[in-house]
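# Examination of the molecular architecture
So the chains spell out like this:
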Amino acid sequence: SSGINAEWPLRPGGAPQPIRPRPAKKKKKANAPKATSSSSDESSDSDDSDPKTDPDFIRIVSRLLKDISPTFIWTIKRDDIDFKYLNRDQIVNHYCKASSFTTKIGLCHHLRSLPWYDASDPNEFFPRCYQLYNEDDREDFKEDFEICASLSILKIYVKQHKEHIKNAEIERTSPEPEKDDIPVEKAENLVPIAAIDLAILHLTNVVKHLDDEFIDFKSESRSNNNIMTPFKRKSILNYSYSLSAKEFRFDAFSQATLDVATGMLKEFGELKLAQESIEGCTNTWIMKPGAKSRGRGVIPQNNFDDIIKLADSSKEEKWVIQKYIEHPLLVHNTKFDIRQWFMVTDWNPLTLYFYQDSYLRFGSRPFTLDDFDPSIHLCNNSIQKKFLSGQGKNETSFAKGNMWTSAAFKKHLDKHGNLDKWDDLIYPGMKKAIQRVMMTIQDIIEDRKNSFELYGADFMVDSNYSPWLIEINCSPAMGGTTKVTERLCSEVLDDCIKVIIDKKEKSTDRDSALIPLL
């Protein structure tokens, strides 16, 4: 490949930087045995075979190349490059304005314009997201959170009603217990059945409001929407908080209430407003600092007041909030996400390469929504390595370093008779998600013919084997922190060079695992 060897350090401008000579080796002791002529020759040949380790050689080459511009530049930080002063033939591993989709704020914002570019809905592959620093978005989030709270109340009632019937059947067929053995339900742990009435009223108004948006006049009972006073809305949130704690139960159960609850859940589901496969009963969301990476500051939350308080705690930090996937696909009862690489070599026409391999990153404790500890919910290696020690503390027993290759994951799926889920749902779903994102921001990126960029997309998979895009990272970590990344990252970098350099020189003897996508 052309360009300056990466093993020679460069100045910020691109010229090699002189390296200070290494300290002289200590002289051998006088009584040390003398080397034979043959061993001396071998030592001399060994030194000559790798001149790059010779400080004098490095110093000479640095002087020769100090005024020569590099033809290939690879840097971690985009800001290290001043694109205005690049020559047309210089190859660079970044594009301008890529933050439009490589920050949480940018991805959240730009995916809303997807329907203008493609006949698809971002809610099909991207958990809905709101910018809490934007007043309109904050109001939309509040409405969404309250709707989820009402749905959670109904779901929990249906679940508890089934448990109630089951327990009643067990009590009917079991011997009558002694009086002292009969459990007494604490009154403070009971939620009134009125919570169901409030939830039904709220969701009915939501459905009615949506129906009125599709007609040219307001219905006569349109003012009934105002029946949901702030006090009643707050009551719904408080009921949902109580029911999320397992020790709280409804104070009464009836078939009529069950029918009403299941009917409303069915009606609301037919509207396809919610992302059903990721919704649960805890109304959990995940807060993220808008421009940070490596899992820093990411916090799961299910209390509206706590969310707003945190969002307002710092005026400098812009927060986004995203719906948490409450029904993730688990491996040995552990949550995971998938890091998938892809590369863009041109924006006009859009040219994408999708890496055929990926890797899984696991949490270090069994999954539960009763505990928001980051070791359970944040699979980023920068977070998980804090919970690992030299003795393997908190390391999953089935995944060394808390990572798997995609090949190992496919073996796991095959073992359980689900290999087709990877080929038919997960892998093609990740491809489609990347394609759709790239289409929405294609016109925003400042194209440059000799630029390219490698990105790392993070996906989660729900219990129905559907992949959900979480975020896209520029300059993804390529260090060999585990046995999995040590091999894969090296192969990815090698394949990037095959595509960028060897393909330009029309070399056909080197196959690449980067598969053309567009």
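Given the structure is predicted, the values throughout are model-derived calculations rather than measurements.

Thresholds, definitions, all that
Residues numbered from 1 in each chain as written. Predicted model: local features only at pLDDT ≥ 70, side-chain atom pairs only at ≥ 80, totals over all residues. Heavy atoms only, no water. Helix = DSSP H or I, 4+ residues; strand = E, 2+ residues; numbered from the N terminus. Buried < 20%, exposed > 50% of the residue type's maximum accessible area, 1.4 Å probe, protein only. Areas by Shrake-Rupley, 256 points an atom, 1.4 Å probe, with all protein chains shown as cover. Core = buried A, V, L, I, M, F, W, Y, C linked by side-chain atoms within 4.5 Å. Contact = heavy atoms within 4.5 Å. Phe/Tyr/Trp six-rings, centres within 6.5 Å; stacked < 30°, edge-to-face > 60°. Lys NZ or Arg CZ within 6 Å of the ring centre and 35° of its normal. Pairing = 2+ DSSP bridges. Axes fitted to C-alpha atoms, helices over the stretch in contact; angles between N-to-C directions. Expected span 1.5 Å × (residues − 1).

## Describing the overall build of the protein chain
Looking only at helices and strands, the protein chain features 14 helices and 14 strands. Counting all 518 residues of the protein chain, 45% fall into the buried class. By element, 51% of the accessible surface of the protein chain is carried by carbon and sulfur atoms, the whole surface being about 29,000 Å².

## Some thoughts on the nonpolar core
Counting residues in each nonpolar core, the largest one holds 45 residues, and the members touching the most others are Phe 101, Phe 342, Trp 347, Phe 409, Met 438 and Ile 472. At the level of elements, helix H4 (104–110), strand E9 (336–347), strand E10 (350–362), helix H12 (406–415), helix H13 (419–441), strand E12 (453–461) and strand E13 (467–474) are the ones that each hand at least two residues to this core. Examining the composition of this core, we find that 9 residues originate from one element, H13, more than from any other. Beyond its immediate chain neighbours, meaning those up to four positions away, Trp 347 contacts Tyr 95, Phe 101, Met 438, Ile 441, Gln 442, Ile 445, Asp 447 and Tyr 455. In this structure, Leu 132, Leu 198, Val 206 and Leu 243 belong to the second largest nonpolar core, which totals 40 residues.

## A look at the environment of Pro 192
Note that Pro 192 resides in the loop between strand E4 (190–191) and helix H6 (194–212). Of the residues examined, Pro 192 reaches a relative accessible area of 29% and is grouped as partly exposed. Separated by 47 residues in the primary sequence, Pro 192 and Tyr 239 place their C-alpha atoms 8.8 Å from one another. The residues contacting Pro 192, other than those within four sequence positions of it, are Tyr 239, Phe 250 and Asp 251.

## With respect to the packing of aromatic side chains
Considering all chains together, one arrives at 24 aromatic pairs under this definition. Ring centres 6.2 Å apart and planes at 45° place the aromatic pair Tyr 130 and Trp 285 in the tilted group. Of this pair, Tyr 130 sits in strand E3 (residues 129–131) while Trp 285 is found in strand E6 (residues 285–289), placing the two residues 155 residues apart along the sequence. Pairing Phe 141 with Phe 304 gives two aromatic rings, centres 5.8 Å apart and planes at 25°, and the pair type is stacked. With Phe 141 in helix H5 (residues 135–173) and Phe 304 in helix H9 (residues 304–311), the pair connects residues that are 163 residues apart, well separated along the chain. Here the two residues Phe 141 and Phe 304 agree in accessibility, since each one is buried. Through pairs of rings, three or more aromatic residues link up here, namely Phe 336, Phe 354, Phe 362, Phe 398, Trp 404, Phe 409, Trp 422 and Tyr 427. A cation sits over an aromatic face here: Lys 318 above Tyr 133, 5.1 Å from the ring centre. Above the plane of the ring of Trp 285 lies Lys 323, whose end atom (NZ or CZ) is 5.5 Å from the centre.

## Looking at the sheet that holds E6
Taking strand neighbours across the sheet as the criterion, the 4 strands line up as E3-E8-E6-E7 in an open arrangement whose pairing is antiparallel. What marks the edges here is a single partner per strand, and that holds for E3 and strand E7 (299–301). Here the average twist between neighbouring strands, direction ignored, is 25°. Across 3 bridges, the pairing between E6 and E7 is antiparallel. Paired with Trp 285 across the two strands is Gln 301, which belongs to E7. With respect to the sheet, H5 is in contact with E3, E6 and strand E8 (319–323), its orientation differing from that of E3 by roughly 140°. Relative to the sheet, H9 contacts E6, E7 and E8, its axis offset from that of E7 by approximately 145°.

## A short note on helix H7 (residues 230–244)
Compared with the 21 Å implied by 1.5 Å per residue over 15 residues, the 21 Å span of H7 between its first and last C-alpha is a close match. Residues of H7 that are buried include every one of Ser 235, Ile 236, Leu 237, Ser 240 and Leu 243, and no others.

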